[in-house]
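So the chains spell out like this:
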Amino acid sequence: MAYAPAMTMLDRRKFLGGTAAVAGALALPGMRTGLALPGLTPAEILTDPFTLGVSSGDPLPGSVILWTRLAIDPINGGGMGVDDIPVQWQVATDDTFATVVASGTANATADAGHSVHVDATGLAADTIYRYRFQVGTWTSPVGTTRTTPPAGSSPSSLRFGFASCQNFTNGYYAAHRHLAAEDIDVLFFLGDFIYESGGSGVRAHTGGECLTLTDYRNRYALYMSDADLRSSRAAFPWIVVWDDHEVDNDYADDAHDGGDPPETFLARRAAAYQAYYEHMPLRIDPPDGADLVVYRSVEIGTLATMFVLDTRQYRDDQACKAEEIGGTASPLCDEATSPDRTILGTEQREWLTAGLTSNTARWNILANQVVFSKLPILGELFNMDQWDGYSADRDIVLEAMSAAAAPTIVVTGDIHLAGAATVRQDFADKSSTPLGVEFVGTSISSSFGEELYPFVDAIAAEVPWIEYVNPRSRGYCVVTLTPDEARADYRIVASITEPTSTISTDRSFTVAHDDPRLVEA
Ligand code: FE
Ligand code: CA
């Protein structure tokens, strides 16, 4: 917890302890008969309000966050009216809830889209639990969660998954169906949980481009209409962070990629951050306008300290945007390598470097969005949206990795391809000491342009420190961590055009704690 400024306790008054009497007392006389937006009591909820499922997240040794959001009309604003609604919750050690070990009432507030974030405390460490919610005559699906090992204990292993990028229009979530069945302790979701644009493909985005809070709420609800996504959300605790598409493609702090003025874009960012908070099992304070501190750390006894990074909210705008090339591809210009640029922001960078160098656990894990390793994408061109466009910050983090006692594993999303590299202070110098590895997961469903396959294949062939690249497959990654070794299994689905398509392992790599370079398993 020493490195975790964002892991404050929830404001319990805001989320817990509400009752029907309190909610009723706050309602104006005659509100229920008003024509505009009537309120609902639990008894007046006549269809299933648990359409978005359940989820849990940000586990600690003694507690976990439990999430749901009530919505009888999920992709049209939710349909739950203007009143707050009390929701009961239970945590049990068995499937039938014969042995309930924690329970209470949470307030699903209209202001928070009738979402619920419960901090279920008083739990035993390193233990699997079932949980569920009830309102009126309705009971939610049952979720499974797990607390982390006791502080200071020495776990013999941890299995975690990581995934990202699930454009609904590109295909089905066969990957989530298989992910839900994986024997993992926790899942990192590294961003692009939704995509903000309109449009259609294998499936359609309802509504146009998301701009307002209602737009973003409806988009999350559309994604959660997928039963495979709901099943993996309910299967284990998630530790989530965003990338760009939870707000808008390639945004940087208050800089909108399409040129909206900062004040216009920040209003949109506030709506998007609010909707993100409402739909995720987060152990953080709610957003303050357009600001939401989401970077935080998680400790797994003496096995690992995991740093969850936010490389969007505090970054400088992408460097050297070249009109003639388009997008964020560019040769390395002076701006990209300027020491004044940042991708993390000063506070987060200082928090991270202090955390890396003071960590006494066996491993450092960075849950990260955009590719960390040096990656020439075509000849002299680099992607200025990645850490390559912020090399001063990367150098500082590499120095901290070098000074740290523990090797570092960076897990990354964003680019819709699978890849792996050994991380060194000078990536090109194979004689320099390996500091750890980067595993880039592919996407759950977001596509990678087929026309670019030859260029990606050339990277694999020509860039010596990039040891694996696969742009052709969708899926996720499972990492098995022990005190002495990390192993990554790249799991890929046969197709995203069939929700029931099969899963297989594409490649596997190991990393030894005492010589942390990538080795094919
Ligand atoms: Fe993406
Ligand atoms: Ca992205």
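Residues numbered from 1 in each chain as written. Chains lettered and ligands numbered in written order. Predicted model: local features only at pLDDT ≥ 70, side-chain atom pairs only at ≥ 80, totals over all residues. Heavy atoms only, no water.

Section: the coordination of the calcium ion (ligand 2)
Those donors, D192 (OD), D243 (OD), D244 (OD) and D414 (OD), are the protein atoms that reach the calcium ion (ligand 2), and they lie 2.3 to 2.6 Å from it. Sequence positions of the donors to the calcium ion (ligand 2) reduce to the motif D-x50-D-D-x169-D. Between the calcium ion (ligand 2) and the iron ion (ligand 1) the interatomic distance amounts to 3.8 Å, and D192 serves as a bridging ligand to the pair. Within this pair, whereas D192 is found in the loop between β10 (186–189) and α4 (213–224), its partner D244 is found in the loop between β11 (238–240) and α6 (262–279), the two being separated by 52 residues in sequence. For D244, a relative accessible area of 1% gives the class buried. (Donors = N, O, S within 2.8 Å, 3.2 Å for Na, K, Ca; no water. Helix = DSSP H or I, 4+ residues; strand = E, 2+ residues; numbered from the N terminus. Buried < 20%, exposed > 50% of the residue type's maximum accessible area, 1.4 Å probe, protein only.)

Some points on the packing of aromatic side chains
A full pass over the atoms with the stated rule returns 19 aromatic pairs. Centre to centre, the rings of F168 and Y173 are 6.3 Å apart; their planes meet at 75 degrees, and the pair counts as edge-to-face. Comparing F168 with Y173, the two get one shared label, buried. When the ring of F168 is compared with that of Y223, the centres are 5.3 Å apart and the planes differ by 35 degrees; the resulting orientation is tilted. Here Y223 lies in helix α4 and F168 lies in the loop between β9 (158–163) and α3 (174–179), a separation of 55 residues in the sequence. (Phe/Tyr/Trp six-rings, centres within 6.5 Å; stacked < 30°, edge-to-face > 60°.)

Let's talk about the coordination of the iron ion (ligand 1)
Surrounding the iron ion (ligand 1) are the protein donor atoms C165 (SG), D192 (OD), Y195 (OH) and H416 (NE2), which sit 2.1 to 2.5 Å from the metal. Geometry at the iron ion (ligand 1) is irregular, judged from its four donor atoms and the angles of 88 to 169 degrees they form at the metal. Look at where the donors of the iron ion (ligand 1) fall in the sequence and you get C-x26-D-x2-Y-x220-H. (Tetrahedral: all angles 85-135°; square planar, octahedral: opposite > 155°, others 65-115°.)

With respect to the pattern of salt bridges
All chains considered together, the criterion is met by 24 salt bridges. With a shortest N-O distance of 3.0 Å, E209 and R268 are connected by a salt bridge. Here E209, found in the loop between β10 and α4, pairs with R268, found in helix α6; they are 59 residues apart in sequence, far enough to count as distant. Residue E209 is classed as partly exposed on the basis of its relative accessible area, which comes to 40%. Since its relative accessible area comes to 6%, R268 is described here as buried. Sharing partners across several salt bridges, the network here consists of D243, D244, R312, R315 and D385. (Salt bridge = Lys/Arg side-chain N within 4 Å of Asp/Glu carboxyl O.)

Observations regarding a nonpolar patch on the surface
A cluster of nonpolar side chains, L378, L452 and F455, forms an exposed patch at the surface whose accessible area comes to about 250 Å². Note on placement: L378 falls in the loop between β15 (363–367) and β16 (381–383). (Patch = residues over 30% accessible without salt bridge, like charges linked within 9 Å, V, L, I, M, F, W, Y side chains within 5 Å. Areas by Shrake-Rupley, 256 points an atom, 1.4 Å probe, with all protein chains shown as cover.)

Focus on the environment of G198
In this structure, G198 sits in the loop between β10 and α4. On a C-alpha basis, the gap between G198 and D94 in space is 42 Å, while along the polypeptide they are 104 residues apart. Filtering out sequence-adjacent residues up to four positions away, G198 remains in contact with H205, G207, G208, E209 and R219. (Contact = heavy atoms within 4.5 Å.)

Remarks on the environment of S473
As for its placement among the helices and strands, S473 is situated in the loop between β20 (466–470) and β21 (475–481). Residues S473 and I492, spaced 19 residues apart in sequence, show a C-alpha to C-alpha distance of 6.0 Å. A distance of 3.2 Å separates a polar atom in the side chain of S473 from a polar atom in the side chain of N470. (Polar contact = N/O pair within 3.5 Å; in protein donor to acceptor, adjacent residues only side chain to side chain.)

Side note on the sheet that holds β20
One open sheet accounts for seven strands, arranged β12-β13-β15-β17-β19-β18-β20; its pairing is mixed. Of all the strands in the sheet, just β12 (296–300) and β20 have a single pairing partner and so form its edges. The sheet shows a mean angle of 20 degrees between the axes of neighbouring strands, taken without regard to direction. Pairing of strand β18 (residues 418–424) with β20 involves four bridges; the strand directions are antiparallel. From the neighbouring strand, A418 faces β20, where its bridge partner is N470. (Pairing = 2+ DSSP bridges. Axes fitted to C-alpha atoms, helices over the stretch in contact; angles between N-to-C directions.)

Observations concerning unusual backbone geometry
In this structure, D253 takes a positive phi of about 55 degrees despite not being glycine. Turning to its location among the elements, D253 is positioned in the loop between β11 and α6. Of note in this structure, D414 is not a glycine but carries a positive phi near 75 degrees. Within the secondary structure layout, D414 lies in the loop between β17 (408–412) and β18.

A word on the packing of helix α7 (residues 346–358) against helix α8 (residues 391–403)
As a packed pair, α7 and α8 sit with axes 8 Å apart at the nearest point and diverge in direction by 20 degrees. Relative to α8, α7 is oriented roughly parallel. Between α7 and α8 the crossing geometry is right-handed. From α7, R349, L352, T353, L356 and T357 reach across to α8, where they touch D393, I396, V397, A400, M401 and A403. (Parallel < 35°, antiparallel > 145°, perpendicular 65-115°, else oblique. Left-handed = near helix turned anticlockwise from the far one by under 90°.)

A few points about the pairing of strand β22 (residues 485–493)
Among the nine residues of β22, seven are classified as buried, and the element is accordingly described as predominantly covered. Between β21 and β22, which pair antiparallel and follow one another directly, the connecting turn spans three residues. Sheet topology places β22 next to strand β23 (residues 503–512); eight bridges connect them, and they run antiparallel. Across the sheet, residue R491 finds its bridge partner in β23, namely T505.

Focus on the packing of α4 against α6
Closest axis-to-axis distance for the α4/α6 pair is 8 Å, and the angle between their directions is 35 degrees. Between α4 and α6 the crossing geometry is right-handed. Between α4 and α6, the contacting residues are L213, Y216, R217, Y220 and M224 on the first element and R268, A271, A272, Q274, A275, Y276, E278 and H279 on the second. Split into classes, the residues belonging to the contact of α4 with α6 amount to eight nonpolar, two polar and three charged. (Nonpolar A, V, L, I, M, F, W, Y, C, P; charged D, E, K, R; others polar.)

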